[in-house]
Amino acid sequence: MTRVSDHSAAELARLVSTKQISAREACDAAFAQRDLVRAGPEHLNIFLGHDCDWSRESAERLQLNDSGDALPLAGVPVAIKDNIATLHLPTTCGSRLLDGYVSPFEATAVARLRRAGATIIGKTNLDEFGMGSSTEHSAFGATRNPWDPSRVPGGSSGGSAAAVAAGICRIALGSETGGSVRQPAAFCGVVGIKPTYGRVSRYGLVAYASSLDHIGVFGASVADAALGLQVIAGHDALDATSVNQQVPDWSDAPVTSVKGMTIGCPLEYFPATLDPAVRGRVMAAVDALRDAGAHIVDVSLPHTELAIPTYYIIAPAEASSNLSRYDGVRYGQRAAADGLGAMYEQTRARGLGAEVTRRILLGTFVLSAGYYDAYYRQAMRVRALIANDFTQLFNRGIDALITPTTPTPAFLLGAVSDPYAMYLSDIFTVTANLVGIPAMSVPVGQVGGLPVGAQIMTRHFDEARMIAIGSTIERAFGVTRSPVAS
Ligand code: GLN
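Now for a description of the structure that goes with this document. What you see is a predicted model, and the numbers here were worked out from it, not measured in a lab. (Residues numbered from 1 in each chain as written. Predicted model: local features only at pLDDT ≥ 70, side-chain atom pairs only at ≥ 80, totals over all residues. Heavy atoms only, no water.)

Our focus in this paragraph is the overall build of the protein chain. Looking only at helices and strands, the protein chain has 15 helices and eleven strands in total. In terms of C-alpha radius of gyration, the protein chain reaches 21 Å, essentially the compact-globule figure of 23 Å for 486 residues. Taken along its principal axes, the extent of the C-alpha atoms in the protein chain is 60 × 55 × 45 Å. Per-residue burial for the protein chain yields a buried fraction of 59% across its 486 residues. When contacts within the protein chain are restricted to residue pairs at least 6 apart in sequence, long-range pairs at least 24 apart make up 77% of them. Counting 40 positive and 45 negative side-chain charges, the protein chain places the averaged centre of each group 1 Å from the other. (Helix = DSSP H or I, 4+ residues; strand = E, 2+ residues; numbered from the N terminus. Rg over C-alpha atoms; globule rule 2.2 N^0.38 Å. Buried < 20%, exposed > 50% of the residue type's maximum accessible area, 1.4 Å probe, protein only. Contact = heavy atoms within 4.5 Å. Lys, Arg positive; Asp, Glu negative; His and termini not counted. Charge placed at Lys NZ, Arg CZ, Asp CG, Glu CD.)

Written as structure tokens, this is what we have:
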């Protein structure tokens, strides 16, 4: 049987389009790899929902056009983070409150994947409502890292990152509010792209913090991730923040030269406390870019240290408002209680986990009448300062920035119990969400047998340059596979 992971997504689509492999075979191959992974000594707990028969039937229904007008993802298996609405399969957001909830509509991104010929193979595990950096905050148990099952895959899109790292699929959707695609991509040794805010419709992405939320894409390679992004990007009238702008063709971006590009290394992202081994891997990527003809310059983003505090005011504020809809009346589980007030209380107390509750309390506090000016308004001002740091550099002719994606490789399950310490694992990623610029993580080798990622950020809507830089790094380091995928 063909191993799905042996073909890039584009190759597989070509093989399916020319009928050398059937979509059904491709789907079966993904499930075979998933079963192999599940049969391993440690259950990685990647999927929360799947229905093999439903996936196979949808693969069998794939209509191939005999005129050779190939569908870009014909028969390509794709996994979807479980906070992105799908028909038929539940959308739980990793929350007890939404256990068993099936959406009556599907996300635009999922509809576009299916229209492009993809087969949805399942819904992946996540930190509850996307709140976390390790997938340990899922109500349905943590996902484990395919490189080392005693470690976390990162989060919150840990299940999608692990699905790609375990060789089950080449493309998976995740979501990002502060790094939830890039951080798990780095921890799992795969590629993760967060596009420009507004580039991909959020319709059907369950809201956490709407001004920061994005749908992002994991790929086994830069080209896989770029192809997935190509299919889901573009204006959607169903999302008021979706931008009505032509999506360029990114198919040549992975082979575009970085010669003549000016790439900045922001000193705030290479602090003296950074693990020297992580720094070494990222500097090796910088050397590869220099060898490929890019100009490397040292730059500064002076407001960087304010990013985490700013994010942890704005994100909980928006979350406290967005999550007020889970009242036991409209969605999911309802607790039996006497009276309406008690029913609300019991539903939320039983349905929502500790981290989500902490965020709702914090968000309600910073938005309350007496504290709004001191916290929320202040955070919005600082957000503008952080954005201005980037604008200044881009206006000065800096085309892109390169940084580590995370300060450390994947940590052990249970090792980070202090919430603030957990928040710090997003220290290098939250800025791109606050500013809305595209950002990606690309593997740059390993430290102690664990993958490490470099992050690339570019101007708004300049995904093309980001993909070109990511591919140049990928060519220097090669694509590596986790032990379970090889
Ligand atoms: N870890 C961050 C948080 O908990 C980011 C999560 C995300 O991007 N969804 O908010």
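Now for the side chain of Lys-123. The topology assignment puts Lys-123 in strand 3 (residues 119-124). In terms of polar contacts, Lys-123 uses its side chain to reach the side chain of Thr-86, at 2.8 Å. The residues touching Lys-123, leaving out its near neighbours within four places in the chain, are Ile-46, Phe-47, Leu-48, Gly-49, Ile-80, Lys-81, Asp-82, Ile-84, Thr-86, Leu-89, Pro-90 and Thr-91. (Polar contact = N/O pair within 3.5 Å; in protein donor to acceptor, adjacent residues only side chain to side chain.)

On to helix 9 (residues 307-322), then. With 16 residues, helix 9 ought to run about 22 Å at 1.5 Å a step, and its terminal C-alpha atoms sit 22 Å apart, in line with that. By the criterion of burial, helix 9 is predominantly enclosed, with 14 of the 16 residues buried. (Expected span 1.5 Å × (residues − 1).)

Here we take up the sheet that holds strand 7 (residues 262-266). Strand order in the open sheet formed by eleven strands is 1-3-2-4-6-5-10-11-9-7-8, and the pairing between neighbours is mixed. At either margin of the open sheet sits one strand with a lone partner, and together these are strand 1 (47-49) and strand 8 (295-299). Recorded for the sheet is a direction-independent mean angle of 30 degrees between the axes of neighbouring strands. Pairing of strand 2 (residues 77-81) with strand 3, which is carried by five bridges, proceeds in the parallel orientation. What sits directly across from Lys-81, in strand 3, is Thr-124. Running over the sheet, helix 2 (residues 23-38) touches strand 1, strand 2 and strand 3 and is turned about 25 degrees from strand 3. (Pairing = 2+ DSSP bridges. Axes fitted to C-alpha atoms, helices over the stretch in contact; angles between N-to-C directions.)

Moving on: a nonpolar patch on the surface. Nonpolar side chains collect at one region of the surface, where Val-329, Leu-340 and Tyr-344 lie side by side and expose about 260 Å² of accessible area between them. Overall, Leu-340 belongs to the exposed group, its relative accessible area being 52%. (Patch = residues over 30% accessible without salt bridge, like charges linked within 9 Å, V, L, I, M, F, W, Y side chains within 5 Å. Areas by Shrake-Rupley, 256 points an atom, 1.4 Å probe, with all protein chains shown as cover. Salt bridge = Lys/Arg side-chain N within 4 Å of Asp/Glu carboxyl O.)

Turning our attention to the packing of aromatic side chains. Aromatic ring pairs are reported here in terms of the distance separating the ring centres and the angle at which the planes meet. Per the counting criterion, the structure on display carries 14 aromatic pairs. Both rings, one in Tyr-269 and one in Phe-428, keep their centres 5.5 Å apart while their planes meet at 35 degrees; by these two values the pair is tilted. Of this pair, Tyr-269 sits in the loop between strand 7 and helix 8 (276-291) while Phe-428 is found in the loop between helix 13 (419-423) and helix 14 (430-435), placing the two residues 159 residues apart along the sequence. Each ring, one from Tyr-371 and one from Tyr-375, has its centre 6.1 Å from the other, and the planes form 35 degrees; the classification is tilted. (Phe/Tyr/Trp six-rings, centres within 6.5 Å; stacked < 30°, edge-to-face > 60°.)

When its volume is computed, the largest pocket comes out at roughly 260 Å³. As for the largest pocket, its lining consists of 13 residues, and the residues nearest its centre are Ala-10, Ala-223, Leu-227, Trp-250 and Ser-251. Counting residues per element, the ones that place at least two in the lining of the largest pocket are helix 1 (9-17) and helix 7 (222-232). Broken down by element, the residue count for the lining of the largest pocket peaks at five residues, all from helix 7. The class makeup of the residues in the lining of the largest pocket is eight nonpolar, three polar and two charged. (1 Å grid on protein atoms, 1.4 Å probe; cavity = no way out; pocket = protein on both sides within 12 Å on 5 of 7 lines; lining within 4 Å. Points joined across faces, edges and corners; volume = space filled by probe spheres on them. Nonpolar A, V, L, I, M, F, W, Y, C, P; charged D, E, K, R; others polar.)

Attention now goes to the site of the ligand. Taken together, 15 residues sit near the ligand, with Gly-178, Ser-180, Tyr-208, Tyr-311 and Asp-426 positioned nearest. In the environment of the ligand, an oxygen atom lies 2.5 Å from a nitrogen or oxygen atom belonging to the side chain of Tyr-208. With the chains in place, 99% of the 290 Å² that the ligand exposes on its own is no longer accessible. Looking at the shell around the ligand residue by residue, the class counts come to four nonpolar, eight polar and three charged. (Near = heavy atom within 4 Å.)

Direction vectors running N to C along helix 9 and helix 12 (residues 372-395) enclose 125 degrees, while the axes themselves pass 9 Å from each other. Relative to helix 12, the element helix 9 is oriented oblique. As helix 9 runs across helix 12, the sense of the crossing is left-handed. Contact residues: helix 9 offers Ala-307, Thr-310, Ile-313, Ile-314, Ala-317 and Glu-318, while helix 12 offers Tyr-375, Tyr-376, Ala-379, Met-380, Val-382, Arg-383 and Ile-386. Looking at side-chain class alone, the contact of helix 9 with helix 12 contains ten nonpolar, one polar and two charged residues. (Parallel < 35°, antiparallel > 145°, perpendicular 65-115°, else oblique. Left-handed = near helix turned anticlockwise from the far one by under 90°.)

Strand 6 (residues 214-219) sits mainly inside the fold: six of its six residues count as buried. Here strand 6 shows two buried faces, one formed by His-214, Gly-216 and Phe-218 and the other by Ile-215, Val-217 and Gly-219. Taken together, the six bridges between strand 4 (residues 171-176) and strand 6 define a ladder with antiparallel strand orientation. Paired with Leu-173 across the two strands is Val-217, which belongs to strand 6. For strand 5 (residues 191-194) and strand 6, the ladder comprises three bridges, and the chain directions are antiparallel. Following the sheet pairing, Val-191 is matched in strand 6 by Gly-219.

Take helix 11 (residues 354-367) next. Given a rise of 1.5 Å per residue, 14 residues ought to cover 20 Å, and the 20 Å separating the end C-alpha atoms of helix 11 matches this to within 8%. On its buried face, helix 11 is in contact with helix 9, helix 10 (340-351), helix 12 and helix 13.

A separate point is the nonpolar core. Of all hydrophobic cores here, the largest spans 144 residues; its most connected members are Phe-129, Ile-232, Phe-390 and Ile-402. Considering every element that reaches this core, the biggest residue donor is helix 9, with nine residues. What Phe-390 contacts, discounting residues up to four positions off in sequence, is Tyr-269, Leu-301, Leu-401, Thr-431, Val-435, Ile-437 and Met-457. (Core = buried A, V, L, I, M, F, W, Y, C linked by side-chain atoms within 4.5 Å.)

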